[in-house]
Structures are given as structure tokens and as C-alpha cells.
Amino acid sequence: MAADETRDEVALTNLDQPLFDGADATKRDLVDYLDAVRDRILPALRDRALSVIRVRPGQEPFVQKNLPKYAPDWMRSVTVWADSSRRQVTYALCDDRRTLLWFANQRAVEYHPALFVGEHPTHMILDLDPPEGDSFAMAVRGAFLVKQALDDAGLAGAVKTSGAKGVHVFVPVVEGTSPHDLAAATRALAARAERVDPKVATTAFIREDREGKVFLDSTRAGGATMAAAYSPRIRPGVPVSFPVAWADLDRVAPLDFTMRTAPGLLGEADPWAEHMPAPQRLPDDLVAEGHTIPVARVAAMHEGKRRKARARRGE
């Protein structure tokens, strides 16, 4: 297939095709956006096993984890054991402009890097999800509860829109932090934020138990991924996950930051790097508290089994 254009030795094709239904954008717009923000998004992807969400013409979006066999031989990769699928998965490492452009040409719209570099977790993360059909403002209220819990623990974090309806809070941790202690501390942080205002927020993993509250998702530790700062999202208008100062969080909306508007809003700045605190040591009491809190997915699985058993008994 003849290339419409070549950048950094990457052949770019079908640039004028629509990106996806509702995007009001073309594949060229995706390529141009990622190229424009490459110096900001690449640091969020570098050295991290990368999953992407691609969308082909006329098809539903799909997640791609394994690096395809037709990937160029100059692309770096890393092979990781996946507990969920019980197999080795070879992920791309998106470390440079050429790799980013290649993914853009593959119609990779969303970029979800691992939360580890090598074997080292780098951040404690809470994903704040408002109730179904509710507003972004609810997620913001939850984020401020998390900030209060962080302040009380002597920690600091950076915040960004998810690019969908939620908010992500990232707290950088020092190298050598135990993954198990990090997961525990994340559970404790969510529990403490919930206690600040239990009428607003909940840590209930089972959806029907959330009672219209913001879900403080503490399960992103371990092998999970998260949409990178500056990643587009496959939603109408192509919003992007965008860093926001805490002082501005209650004055923005997700569609303030789209593939079309973000480059102009950024200029030469990198607010994700600017807002991110230095890596921090997790407080002992936060870790200890977290180790007393059951893992949400496991607790939810056991509770689901108990509820089914009660239903069978007609309770």
C-alpha cells in the first residue's frame, strides 16, 4: 500500500479515513496529535509494557497487548508473565517518536502503559469512577476526599482527567517499594478517603452496593494498566486524559481537553511532569492498615458466592 506520507521513516497510510464513529476526526488528526504531544506522552510510556486500544474501520475497538508479528524489527519489546491468562505476553515498549508514529498508523487511539518499570511499581493510583449516568463533578468530589486523605498521611499526588467521566490520582513512590505494600497502602488510602465523607464515596467493589456514590477503585496496583496522561480516548469528540492542577479541578470538564484542543492548551508545557511530586516513601501506618483490608476483588468474589448460596436457600 502506497504511503500518504512518511515521518521518521514510518510510512503513514489512509490518513484521510474517519477515525471512528463520533470522533469527528481522521486518522491524520490522530497522527498529528500524537506527534505534537510526543515529548509529553513518551515519558509516560517509556520503559513500560504497553497495551493499546485500536479501532479499525467498521469494527469495534479492541485491546492489543501482544506485539504483532508484523511489527518492525527495530521496535523494543518486553516479555511478561500474565497471571490472568497464564502465559507469556510480549508487549511493545513505546520509547521514541518512531514507535509512537507506528502505533498511530495502526490506529491505536488509546495508550495504557503498565504501572511497573521492570519489576518496580512507580505510583500509587486511585481511579475515581462516578455513578452510572452521573456527572464528572461527582468524581471531582471524590478526588478531593483522596487529596484530604493524602494530606493527612503526609503524602502528595497529581491528578488528571481520565478522558472519560472519571479522575485519576497518581502518587509517585520511591524505588524499591514492595508491590504488596503498595497494594495495601492503596486500599488504606481509599478507605481513609471514604471515611472523610462516606455519603459521597465508597470502596464497595460490587456495583449494586455503591448506592449512587463515587467508587474509589484501589485495584490498580499490580498488573493493571491505566490510560496514560495525554492519551486520547475512544469517545465522541476524542477527549484526552489531561493533567489538571488541584486548584483547577472543580473548574474543568472532560471535553475541555480533546485531541483538537490539547496541543494549544499545552503550548510547550508538560503539566503532568510539572504537577508530579517527587517519589515518596509510604507511611508505615498506611501500609499496616492496608494489610488488614481484604483485596477488593477477592472479597467481592467471596461475597458473590455467599449471595448466590443465600439465594439458592431462598433467603
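Residues numbered from 1 in each chain as written. Predicted model: local features only at pLDDT ≥ 70, side-chain atom pairs only at ≥ 80, totals over all residues. Heavy atoms only, no water.

Identification of the protein chain as DNA polymerase domain-containing protein from Nonomuraea insulae is taken from an unreviewed UniProt entry.

1. Describing the overall build of the protein chain
Across its full length, the protein chain carries nine helices and 15 strands. The C-alpha atoms of the protein chain give 20 Å as radius of gyration, which agrees with the globular expectation for 315 residues (20 Å, within 12%). Based on the C-alpha atoms only, the size of the protein chain along its principal axes is roughly 65 × 45 × 40 Å. For the protein chain, buried positions account for 52% of its 315 residues. In the protein chain, the share of contacts with a sequence separation of at least 24, taken over all contacts with a separation of at least 6, comes to 70%. For the protein chain, the accessible area works out to roughly 15000 Å², and carbon and sulfur atoms hold 51% of it. For the protein chain, the separation between the mean place of its 42 positive charges and that of its 44 negative charges on side chains is 6 Å. (Helix = DSSP H or I, 4+ residues; strand = E, 2+ residues; numbered from the N terminus. Rg over C-alpha atoms; globule rule 2.2 N^0.38 Å. Buried < 20%, exposed > 50% of the residue type's maximum accessible area, 1.4 Å probe, protein only. Contact = heavy atoms within 4.5 Å. Areas by Shrake-Rupley, 256 points an atom, 1.4 Å probe, with all protein chains shown as cover. Lys, Arg positive; Asp, Glu negative; His and termini not counted. Charge placed at Lys NZ, Arg CZ, Asp CG, Glu CD.)

2. A few points about the side chain of Asp95
Here Asp95 lies in the loop between β6 (87-93) and α3 (97-105). Of note is the side chain of Asp95, whose polar atom sits 2.9 Å from the backbone nitrogen of Asp47. (Polar contact = N/O pair within 3.5 Å; in protein donor to acceptor, adjacent residues only side chain to side chain.)

3. Some remarks on the nonpolar core
Phe103, Tyr111, Met124, Leu128 and Val146 are the most contacted members of the largest nonpolar core, which has 87 residues in total. Of all the elements, helix α4 (residues 136-153) adds the most residues to this core, at ten residues. Residues within four places of Met124 in sequence aside, it is in contact with Leu150, Leu155, Val169, Phe170, Val171, Val173, Leu182, Ala185, Thr186, Leu189, Leu282 and Leu286. Among the nonpolar cores identified, the runner-up in size contains five residues, and Ala49, Ala82, Val89 and Tyr91 belong to it. (Core = buried A, V, L, I, M, F, W, Y, C linked by side-chain atoms within 4.5 Å.)

4. A word on the side chain of Arg233
Examined against the element boundaries, Arg233 turns out to sit in the loop between β14 (214-217) and β15 (243-244). Of the residues examined, Arg233 reaches a relative accessible area of 10% and is grouped as buried. Here the side chain of Arg233 touches Glu110 through a polar contact of 3.0 Å, side chain to side chain. At 2.5 Å, the side chain of Arg233 and the backbone oxygen of Ser162 are in polar contact. In contact with Arg233, other than residues within four places in its own chain, are Phe20, Val109, Glu110, His112, Ser162, Gly163, Ala164, Ala227, Val238 and Pro239.

5. Brief notes about the environment of Leu249
With respect to the element layout, Leu249 can be found in the loop between β15 and α6 (262-266). A residue is classified by how much of its surface remains accessible, and Leu249, at 0% relative accessible area, is buried.

6. Some thoughts on the packing of helix α1 (residues 27-36) against α3
Running from amino to carboxyl end, α1 crosses α3 at an angle of 160°, the nearest separation of the two axes being 9 Å. When the axes of α1 and α3 are compared, the pair comes out roughly antiparallel. Crossing of α1 against α3: the hand is right-handed. Where α1 abuts α3, its residues Lys27, Leu30, Val31, Leu34 and Asp35 lie against Arg97, Leu100, Leu101, Ala104 and Asn105. Here the contact of α1 with α3 is built from residues that sort into six nonpolar, one polar and three charged. (Axes fitted to C-alpha atoms, helices over the stretch in contact; angles between N-to-C directions. Parallel < 35°, antiparallel > 145°, perpendicular 65-115°, else oblique. Left-handed = near helix turned anticlockwise from the far one by under 90°. Nonpolar A, V, L, I, M, F, W, Y, C, P; charged D, E, K, R; others polar.)

7. Looking at the pairing of strand β7 (residues 108-113)
In terms of residue burial, β7 counts as a mostly covered element, since six of its six residues are buried. Pairing geometry for strand β3 (residues 49-54) and β7, over five bridges, is antiparallel. Within the sheet, the bridge partner assigned to Ile53 lies in β7 and is Glu110. (Pairing = 2+ DSSP bridges.)

8. So, helix α2 (residues 38-45)
Turning to α2, its buried residues are Arg40, Ile41, Leu42, Ala44 and Leu45. Those residues of α2 that are buried lie in contact with α1, β3, α3, β7 and α6. Backbone geometry just downstream of α2 places Asp47 in the positive-phi region, at approximately 70°.

9. Re the pattern of salt bridges
Counting across every chain of the model gives 23 salt bridges. Here Asp35 ties to Arg38 by a salt bridge, and the two come within 3.0 Å at their closest N and O atoms. Classification of Arg38 by relative accessible area gives partly exposed; the value is 27%. Through salt bridges with shared partners, a single ionic network connects Glu5, Arg7, Asp16, Arg28, Asp32, Asp35, Arg38 and Arg97. (Salt bridge = Lys/Arg side-chain N within 4 Å of Asp/Glu carboxyl O.)

10. Comments concerning the packing of aromatic side chains
All chains considered together, the criterion is met by eight aromatic pairs. On the numbers, 6.2 Å between centres and 45° between planes, the contact of Tyr70 with Trp102 is tilted. Residue Tyr70 is located in the loop between β4 (62-64) and β5 (77-82), and its partner Trp102 is located in helix α3; the two are separated by 32 residues in the primary sequence. According to the relative accessible area criterion, Tyr70 is partly exposed, its value standing at 48%. (Phe/Tyr/Trp six-rings, centres within 6.5 Å; stacked < 30°, edge-to-face > 60°.)

11. Details of α4
Helical geometry: 3.6 residues make up each α-helical turn, so side chains three or four residues apart lie on a common side. For α4, with 18 residues, the first-to-last C-alpha span of 26 Å sits near the 26 Å given by 1.5 Å per residue. Taken residue by residue, α4 has Phe136, Met138, Ala139, Val140, Gly142, Ala143, Leu145, Val146, Ala149, Leu150 and Ala153 as its buried positions. Elements that come into contact with the buried residues of α4 comprise β10 (123-129), β11 (158-161), β12 (167-172), α5 (179-196), β13 (201-202) and β14. Two residues or fewer past α4, Gly154 is found with a positive phi of approximately 75°. (Expected span 1.5 Å × (residues − 1).)

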